[in-house]
Amino acid sequence: YTQYTPYQAEISQGRLEGLLNFQTMVCELTAMELANASLLDEATAAAEAMMMCHRLKAAEQRNVFLVAAECHPQNRHVVETRARALGIEVRVAPAAALTFDAQVMGVLLQYPATDGSVAVPTALVDRAHAAGALVVVAADLLALAVVRPPGEWGADIVVGSAQRFGVPLGCGGPHAAFFATRDAFKRQMPGRLVGVSRDSRGRPACRLALGTREQHIRRERATSNIC
């Protein structure tokens, strides 16, 4: 094992099976159809969700991303930094005051909010979808064990940190992020997707079904380091 082992999912069936279990757990807790196996942390995942909204709405030339003021500060700051590099306009306002127009491609909400409040924003989600925008929810995995999951109230993308189910706060890292979305959006999802197939003897076998980052990244458009 090396520093790059987390990026080498094909290293063994055992590692692939562990990542598949992680994906399945995330899907069940978020009530989403699909989850990936490899992102860095919650704030980075939120930025990736914004970029995914940008790709999905590229044909409509939408260039505004809304962020609820109730989001964790680190999520908001990383989204704003990534947006500057891509020329995306970020508007921050309290969730109740967010307004949607033809330029808005998506909105980021925190569930539970950074002050601990839990509210299911169904009216806001309906307004977003009516305006043609996508809804991104940064959620807490442990909270999702008891509160209503975002997939049940209209979220299009759910992101967050798996820290709550792994290495505790203050003990270092890494704390793998999770990223879940609808099956219809799987080709735009960042990271890797582990799937189940059959080997040459007809036995179940895990394999890397989708690995989008390294293969398709364009050097001149990159917003992160390239190995």
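In the block above lies the structure referred to throughout.
Quick look at the structure, then. Quick caveat, the model's predicted, so the values are computed rather than measured.

### Details of the pairing of strand S5 (residues 134–139)
Then comes step 1: Within S5, six of the six residues are buried, which leaves the element mostly enclosed by the surrounding structure.
Then comes step 2: Here strand S4 (residues 104–111) runs beside S5; their pairing, made up of six bridges, is parallel. Within S5, the position partnered with Leu109 by the bridge is Val137.
Then comes step 3: Traced from S4 through helix H4 (residues 122–130) to S5, the parallel crossover comes out right-handed.
Then comes step 4: In this structure, S5 lies alongside strand S6 (residues 157–161), joined through three bridges in parallel fashion. The partner of Val136 across the bridge, within S6, is Ile157.

### Things to note about the sheet that holds strand S7 (residues 177–181)
Then comes step 1: Taken in spatial order, the seven strands make up an open sheet running S1-S7-S6-S5-S4-S2-S3, and their pairing is mixed. In the strand order of this sheet, the two ends are held by strand S1 (34–35) and strand S3 (89–93), each with one partner.

### A closer look at the nonpolar core
Then comes step 1: Counting residues in each nonpolar core, the largest one holds 59 residues, and the members touching the most others are Phe65, Val107, Leu108 and Phe179.
Then comes step 2: At seven residues, the largest contribution of residues to this core is made by helix H2 (residues 42–56).
Then comes step 3: Core analysis: the next-biggest nonpolar cluster, separate from the first, contains six residues, Leu16, Leu20, Val194 and Cys206 among them.

### Quick look at the packing of aromatic side chains
The geometry of two aromatic rings is summed up by the distance between their centres and the angle between their planes.
Then comes step 1: The final tally for this structure, using the stated rule, is one aromatic pair.
Then comes step 2: For the pair Tyr111 and Trp153, a centre-to-centre distance of 5.0 Å together with 70° between the ring planes defines the contact as edge-to-face. A residue pair is termed long-range when its members are at least 10 positions apart, and Tyr111 in strand S4 and Trp153 in the loop between S5 and S6 qualify at 42 residues. Like Tyr111, the residue Trp153 is buried in the burial classification.

### So, the side chain of Thr30
Then comes step 1: With respect to the secondary-structure elements, Thr30 resides in helix H1 (residues 13–30).
Then comes step 2: Judged by its relative accessible area of 0%, Thr30 is buried.
Then comes step 3: Sequence-distant contacts of Thr30, that is, excluding residues within four places in its chain, are made with Leu144, Pro149, Pro150, Gly151, Val158, Phe178 and Ala180.

### A short note on the environment of Phe178
Then comes step 1: Note on placement: Phe178 falls in strand S7.
Then comes step 2: Classification of Phe178 as buried rests on a relative accessible area of 0%.
Then comes step 3: Considering only alpha carbons, one finds Phe178 and Ala35, 143 residues apart in sequence, at a separation of 7.1 Å.
Then comes step 4: With residues near it in sequence (within four places) discarded, Phe178 still touches Phe22, Val26, Thr30, Ala45, Ala139, Leu141, Val158, Val159, Gly160, Ser161 and Ala162.

### Quick word on H4
Then comes step 1: Looking at H4, one finds that the buried residues are Leu124, Val125 and Ala128. For H4, the arc enclosing every buried residue in end-on projection is 100°, short of the 170-degree limit, so these residues lie on one face. Exposed positions of H4 whose direction lies more than 90 degrees from the buried face are Ala123, Asp126 and Ala130.
Then comes step 2: Turning to H4, the residues buried within the fold contact S4 and S5.

### Thoughts on the environment of Glu17
Then comes step 1: Tracing the backbone shows Glu17 in helix H1.
Then comes step 2: For Glu17, a relative accessible area of 46% gives the class partly exposed.
Then comes step 3: The spatial distance from the C-alpha of Glu17 to the C-alpha of Val194 is 8.3 Å, given a sequence separation of 177 residues.

### Concerning the packing of H2 against helix H3 (residues 73–86)
Then comes step 1: At a minimum axis distance of 8 Å, the contact between H2 and H3 shows a crossing angle of 40°. The pairing of H2 with H3 is recorded here as oblique in orientation. Where H2 crosses over H3, the handedness of that crossing is right-handed. Between H2 and H3, the residues in contact are Glu42, Ala43, Thr44, Ala46, Ala47, Glu48, Met50 and Met51 and Gln74, Asn75, Val78, Val79, Arg82, Ala83 and Leu86, respectively.
Then comes step 2: Class assignment of the residues belonging to the contact of H2 with H3 gives a composition of nine nonpolar, three polar and three charged.

The rules behind each value
Residues numbered from 1 in each chain as written. Predicted model: local features only at pLDDT ≥ 70, side-chain atom pairs only at ≥ 80, totals over all residues. Heavy atoms only, no water. Buried < 20%, exposed > 50% of the residue type's maximum accessible area, 1.4 Å probe, protein only. Helix = DSSP H or I, 4+ residues; strand = E, 2+ residues; numbered from the N terminus. Pairing = 2+ DSSP bridges. Right-handed = clockwise from strand over helix to strand, strands pointing away. Core = buried A, V, L, I, M, F, W, Y, C linked by side-chain atoms within 4.5 Å. Phe/Tyr/Trp six-rings, centres within 6.5 Å; stacked < 30°, edge-to-face > 60°. Contact = heavy atoms within 4.5 Å. Arc of directions from axis to C-beta. Axes fitted to C-alpha atoms, helices over the stretch in contact; angles between N-to-C directions. Parallel < 35°, antiparallel > 145°, perpendicular 65-115°, else oblique. Left-handed = near helix turned anticlockwise from the far one by under 90°. Nonpolar A, V, L, I, M, F, W, Y, C, P; charged D, E, K, R; others polar.

Honestly, it's all geometry; don't read function into it.
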